[in-house]
Amino acid sequence: MPTSTRLPRWADLLLGLGCLGLGGWLISAPLHSLPALAALVAAGAVLTGLVDLGSVTSSARPWLPAVTGVGWLVVGLVALFWPGLSILGLAIAVGVGLVLGGIGELVSPTGADRLVGRLGGAASGLLGVLALAWPAATLLVVAVVFGLRLVLFGIGLLTDVRPAHMPGWVRLGGTIAVLVLAVGGTVASVAVHRAAPAAPGTFYTAPEPLPAGPPGTIIRDEVVPGFLAGATTYRVLYKSTGLDGHPTAVSGLILVPAGAPPAGGRKVLAYTHGTVGVASNCAPSLAPPAAQPLLAEGGAGFVGAGYVVAATDYQGLGTAGPHPFLVGPVEAENELDIVRAARLLPAARAGTEFAVWGHSQGGHAALFTGQLAASYAPELDLVGVAAGAPVPNLVDLFAVNLTTTVGKVLIAMALSSWARVYHDANLDQIVTPAARPLVDRIAATCLYGQQQLAAAVPNVLALRLSFLSAPPWQVEPWRSIAAANNPGQAPIDAPVLLVQGGADTIVDPATTQRLATAMCAEGETVDLRLLPGVGHLQTGQLAAPDVARWIADRFAGRAAASTCVG
């Protein structure tokens, strides 16, 4: 950063105090609030620009500090006076300033300062490019790095010990530290973005018009080699019913166990997956076996028991979006139709008896599948519904999860989805202008493993600066959408198993208990099992063996236990 040798001493002192105070605040509270962060970055950029302009007459290349000074002034003024500046816009403005400053540092130094200047310029430019490529992540890092630079420069102005007069090892060490941070951020950004699933291929593109035939009609199928030993796995594209009530194409997987089928056909386990994202490329049928929620939640055991496993992707995952996330009727119809598709797949030899199992979003879908089975697919024989942490109340989901990272991911995905699938719902009604680009970016993220979740984390952290302008459960049509998609509003004509982790911080155990109580009051057969000390993400995996035994009893026709009182 160029320094001034022609400014009066009192100006140096004022600028030094300003840089010291603003830099310290940026370092200590980068997530305080968007207005504060924008104001601090704007003020810091203006100070940087003034100092650069003050060094024009003493620079060997006067045009360089003139260009960088004007650039920083423009960045500062944009950040300060742009009404409704978004979080991403602020990061981009800082990124542009860092690139300009980096260019100046790369070409400016001579003599002993050449190495430090070149390394510093490379670090500044790399941070700037990173800010432009991954704004939400870099905003937080840039705020701290920018704050650190302001503090060091302020100390220099106050003590009159300028960077050029500092020991060489101090200047070189600090520059290398910033460069390492910039390179590390770039490597992390590349790794996170490379972890995203590939876009769906032509298999998922539905023909126009859709072929004739009822829901469940298979449009096309293909074998997925090496998916699971002891089974032939088919990727299928089949007809189902969309949110608008019209026929639509949906994708999924059908696993057929090896060996001859029993008389009357194989029993079917309908698997409803939990949250994997709302973008089209997040479909489970696209994921490799190691990332499959189905296999993590008992899939191999169900195949080993001789069941055909039918697992929908849900509308808009794999196939063209949008995906109606946590929209119960669509989840249910998509799952019931892949059970129908399994019966139409010649190799499956599937019978009419089926049970449903799913966790989290899948638990929500499992309950709605049970509610709609008799009316939507009366030819099928439902014997039981197993639901883990089934998102019993969407208002509670929003209220409980506003302060957690994973919770904000779920809320952002739900809001983005509903704004796309419900015509009268608009993010403008409940999300601040600054946060809307972040919500869209979170909705473009898939959740297979830590690397993919990491891509959403910076955007979620930035939501601490600005997020909701009004609680969704207090604003129409959002309140009515949430209420309409709560399970438990229609009877399930089969026994129900509810599994809930006692340490779940995403789905409140008390909410699941209230659902069980309400279902019992309606005369349903409900078995509620609490897993003490188990969190949300582990419930589906740890409960799978008990679920498998419970489902085996339902297929065997044994009486179901109930925890209902009275």
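Below you will find a few notes about this structure. Since this is a predicted model, take the numbers as computed values, not measurements. (Residues numbered from 1 in each chain as written. Predicted model: local features only at pLDDT ≥ 70, side-chain atom pairs only at ≥ 80, totals over all residues. Heavy atoms only, no water.)

Taken together, the nine strands give an open sheet; going across it, the order is E1-E2-E3-E5-E4-E6-E7-E8-E9, and neighbouring strands pair in mixed fashion. Each edge of the open sheet is held by one strand with a lone partner, namely strand E1 (218-223) and strand E9 (526-531). In this sheet, adjacent strand axes meet at a mean angle of 20° when their direction is disregarded. In the sheet, E1 pairs with strand E2 (residues 231-241) via five bridges, with the strands oriented antiparallel. In the sheet register, Glu222 faces E2, and the bridge partner there is Arg235. Its contacts with the sheet place helix H10 (residues 328-344) against E1, E2, strand E3 (247-257), strand E4 (266-272), strand E5 (308-312) and strand E6 (350-359), and it is angled at close to 125° to E2. (Pairing = 2+ DSSP bridges. Helix = DSSP H or I, 4+ residues; strand = E, 2+ residues; numbered from the N terminus. Axes fitted to C-alpha atoms, helices over the stretch in contact; angles between N-to-C directions. Contact = heavy atoms within 4.5 Å.)

Put plainly, two cysteines are in a disulfide when a covalent bond ties their sulfur atoms together. Enumeration over the complete set of coordinates arrives at two disulfides. Disulfide pairing places Cys282 opposite Cys446 at an S-S distance of 2.0 Å. Disulfide Cys282-Cys446: torsion about the S-S bond near -90°, hence left-handed. One end of the pair, Cys282, is in the loop between E4 and helix H8 (293-296); the other, Cys446, is in the loop between helix H14 (436-443) and helix H15 (449-462), and 164 residues separate them in sequence. Across a sulfur-sulfur distance of 1.9 Å, Cys520 and Cys564 are joined as a disulfide pair. An S-S torsion of about -75° defines the bridge between Cys520 and Cys564 as left-handed. Separated by 44 residues along the polypeptide, Cys520 in helix H17 (residues 509-521) and Cys564 in the segment after helix H18 (536-555) bring together distant segments of the chain. Residue classification places Cys564 among the partly exposed residues on the basis of a relative accessible area of 23%. Along the protein chain, the cysteines that take part in disulfide bonds pair up as 1-2, 3-4, counted in sequence order. (Disulfide = S-S within 2.5 Å. Buried < 20%, exposed > 50% of the residue type's maximum accessible area, 1.4 Å probe, protein only.)

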